[in-house]
2 protein chains.
Amino acid sequence: MKKLINNPNDVVKEMIGGLLAAHPSYLRKLDNIDVIVRKDAPVEGKVGLVSGGGSGHEPAHAGYVGYGMLDAACPGAVFTSPTPDQIYEAIKAVDGGKGVLLIIKNYTGDVMNFEMAREMAQMDGMEVDEVIVNDDVAVENSTWTQGRRGIAGTVFVHKIAGAKAQEGASLQEVKRVAEKVIANVRSMGMALTPCTVPAAGKPSFTLAEDEMEIGIGIHGEPGTHREKIKPADEIVEHLMEKIINDLPYKENDEVAVMINGLGATPLMELYVANRKVAEILKDKKIKVYKTYVGEFMTSLEMSGFSITILKLDEELKTLLDAKADTPAFKQL
Amino acid sequence: MKKLINNPNDVVKEMIGGLLAAHPSYLRKLDNIDVIVRKDAPVEGKVGLVSGGGSGHEPAHAGYVGYGMLDAACPGAVFTSPTPDQIYEAIKAVDGGKGVLLIIKNYTGDVMNFEMAREMAQMDGMEVDEVIVNDDVAVENSTWTQGRRGIAGTVFVHKIAGAKAQEGASLQEVKRVAEKVIANVRSMGMALTPCTVPAAGKPSFTLAEDEMEIGIGIHGEPGTHREKIKPADEIVEHLMEKIINDLPYKENDEVAVMINGLGATPLMELYVANRKVAEILKDKKIKVYKTYVGEFMTSLEMSGFSITILKLDEELKTLLDAKADTPAFKQL
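Residues numbered from 1 in each chain as written. Chains lettered and ligands numbered in written order. Predicted model: local features only at pLDDT ≥ 70, side-chain atom pairs only at ≥ 80, totals over all residues. Heavy atoms only, no water.

### Description of the interface of chain A and chain B
How big an interface is tends to be reported as the loss of accessible area on association of its parts. What counts is decided by this rule: Contacts were defined at the residue level, with two residues in contact if any of their heavy atoms lie within 4.5 Å. The term buried area means the drop in 1.4 Å probe accessible area that two parts suffer when joined, counted for both and summed. Counted as salt bridges are all cases of a side-chain nitrogen of Lys or Arg within 4 Å of a carboxyl oxygen of Asp or Glu. For the purposes of these results, a polar contact is taken to be a pair of N or O atoms within 3.5 Å, where, inside protein, one atom must be able to donate a hydrogen and its partner to accept one; residues adjacent in sequence count only when each atom of the pair is a side-chain atom. To qualify as a helix, a DSSP run of H or I must reach at least 4 residues; to qualify as a strand, a run of E must reach at least 2; elements of each kind are numbered from the N terminus. Polar here means any residue outside two lists: the nonpolar Ala, Val, Leu, Ile, Met, Phe, Trp, Tyr, Cys and Pro, and the charged Asp, Glu, Lys and Arg; Gly therefore counts as polar.
Counting from both sides, the interface comprises 56 residues of chain A and, opposite them, 56 residues of chain B. Across the chain A to chain B interface the summed buried area is about 4700 Å²; carbon plus sulfur atoms make up 67%. Considering only the surface of chain A that becomes buried against chain B, Lys2, Leu4 and Met268 of chain A emerge as the three largest contributors, covering 21% of it. Remark: the boundary between chain A and chain B carries 4 salt bridges. Two residues, Arg275 of chain A and Glu14 of chain B, come together in a salt bridge whose shortest N-O distance is 3.7 Å. At the boundary of chain A with chain B, the tally comes to 18 residue pairs in polar contact (both at pLDDT 80 or more). Listed by contribution, the elements that provide at least two residues to the side of chain A that touches chain B are helix 1 (11-22), strand 7 (185-193), helix 6 (232-246), helix 7 (267-283), strand 11 (287-294), strand 13 (324-325) and strand 14 (330-331) of chain A. Sorting elements by how many residues they give to the side of chain A that touches chain B places helix 7 of chain A first, with 9 residues. When grouped by side-chain class, the residues that make up the side of chain A that touches chain B number 30 nonpolar, 11 polar and 15 charged.

### Looking at the pattern of salt bridges
How we decide: Only protein chains enter the accessibility calculation, which uses a 1.4 Å probe; a residue whose area is less than 20% of its type maximum is buried, one above 50% is exposed, and one in between is partly exposed.
What the rule picks out here adds up to 68 salt bridges over all chains. A salt bridge links Lys3 of chain A to Glu269 of chain B, with the shortest nitrogen-to-oxygen separation between them at 3.8 Å. One end of the pair, Lys3 of chain A, is in the segment before helix 1; the other, Glu269 of chain B, is in helix 7 (residues 267-283), on a second chain. Since its relative accessible area comes to 3%, Glu269 of chain B is described here as buried.

### Considerations on the pairing of strand 12 (residues 303-312) of chain B
All names here are of chain B. Put simply, the rule is: A pair of strands is labelled paired if DSSP reports no fewer than 2 bridges between them.
Extensive coverage of strand 12 is indicated by the burial of 9 of its 10 residues. Sheet topology note: the strand 7 (residues 185-193)/strand 12 ladder contains 8 bridges and is antiparallel. The residue bridging Ser187 from the neighbouring strand is Thr308, located in strand 12.

### Section: helix 4 (residues 153-166) of chain A
Residues and elements named next belong to chain A. Stated formally: Helix span, as expected, comes to 1.5 Å for every residue beyond the first.
Across its 14 residues, helix 4 extends 20 Å between first and last C-alpha, which sits within 8% of the 20 Å expected from 1.5 Å per residue. Burial analysis of helix 4 places 13 of its 14 residues in the buried class, the great majority of the element. Positive phi shows up at Gly168, right after helix 4, with a value of about 95°.

### Examining the side chain of Arg149 of chain B
Residues and elements named next belong to chain B. Examined against the element boundaries, Arg149 turns out to sit in the loop between strand 6 (128-133) and helix 4 (153-166). Its relative accessible area of 0% is what places Arg149 among the buried residues. Within polar-contact distance, the side chain of Arg149 engages the backbone oxygen of Gly215 at 2.6 Å.

### Observations regarding the UniProt feature "domain: DhaK" (unreviewed entry) in chain A
We count it as follows: UniProt positions are given in the numbering used here, feature names are shortened, and annotations may be inferred rather than shown by experiment.
Annotation from UniProt places "domain: DhaK" (unreviewed entry) at residues 7-329 of chain A. End C-alpha atoms of residues 7-329 of chain A are separated by 30 Å, and the span's content is 33% helix alongside 24% strand.

Pasting the structure below:
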């Protein structure tokens, strides 16, 4: 295992230390618990947005805490849900009097712990609601999930619900736009190489030197199938066919595109993939409104990528374009 | 070779295609030549900034073309200098009447080709000057370099000279601040794994499973030595000692920090490293003014990272803080 770490059991603690040292103007940590909040939390008169999940997907989710996106992120152990306690403390810390929305990626453990925290907060009299992101079209049900998994499309939910909350909208309104994103966003990914959870010390699965896995999950959960590596264009064609036919996306639709690296894929290759994505959309007369290329929802040092497509209307375009200022997502 | 590409000989062309498709509001390409310029180039009354180098270091340099940073980037073949023709066309395309500054990373081929282009432009009567970035403290002279190599510190030159140019300063003034950055910036890196140039098809060097290379260059040029992998904190201590003692950085200095991933290193690990960097600077009573953690100057899918430290004064702080809006570097 080649990693730039110290004791494998300390990676999350030390990562948080480095995160806080890097971004003191954006972030602070709650005392005695791993919850990262906006430095100015709670923001009075604004719906609080809380997300989180296992660590190892950075910049998700702490990198999205800041103006116009999240109010708090709860990082669990690597690839492990945060605890109900973490989420409960996050809710309390960001409740600015207009309620709190939980943005949950659809994994059984995450849903269970977020909902437990939600109940704890509701018993305290706080107004808390939730949305569950399930954008991955690859497989129905998976190692740790009932239904579809939540992957990089979650970042669009953070961005758009975050912009709506920043406007001062009600919890109901923020939830409505989050649900609109979820209804219109689809993703699918693939991997060339596995990744290694530090405490495990060895890869969670193996792939032959000439093999790739299509439809893989962000924790290395099995996808739809394995096959010999193909040229990038053929891989993109396959993923795009699954994504486009799912909603389906149609002629004259306007979409946002996210080409997301899983950790070890060079930006060069993500752009090679985006070229083909843009070509396919053009052929189908689907208009690209905005494109994001980079690492948004990673899987440690996995090599591979995912494509996310979000169908936009005027409201979503305005919210997508709104200003955001967080460590990992800035938009002027 | 596991890569998300098509024909290895097409990677640069296809990357540029994907880049233009992703960022049409920021970038355009000159006809018939691989030069990426600001969409609104030439900006009248502003010094034009031109950089470039071999491809494979993305987001450097095309990702830094935009408001408050570069006016043009010339991507060469992978790990290969751009041609004098590319650079000459870039100079012509961004000359807004106040002259053009070339920002060159110190590699013999780059310096030669940028200087040839500069002479061609000067013969046309254009006002062109240059700065050469040589921030890598690891080794004096190297495989492709006389003197010290230019690495991630170059991004601080782009940012600060870019901000000065955006203010409308003269060529002489823009060059002065660029030189001030170069005089005050130092970097050093290390690698856990090599990278593979697509057209070569195999890694340019090898490292044993328990081995790392300290002081490596961004093309895999040899560093100072190889040794068994150590804990991240010990690696950071070694790099920081070399960097800090070089300028040297002293008590009460204020600095900007850049923790730069070389391609395959998870953001989690970069933050683990930053934690130790911040600790060392605090112990030495050197004040961290601002920290950047991410992938700024990569080496394809190399696993490893570099640390860059820039000593700041009031002028550099103001310019570092100035607004920037480019595909890969945004600052509100």
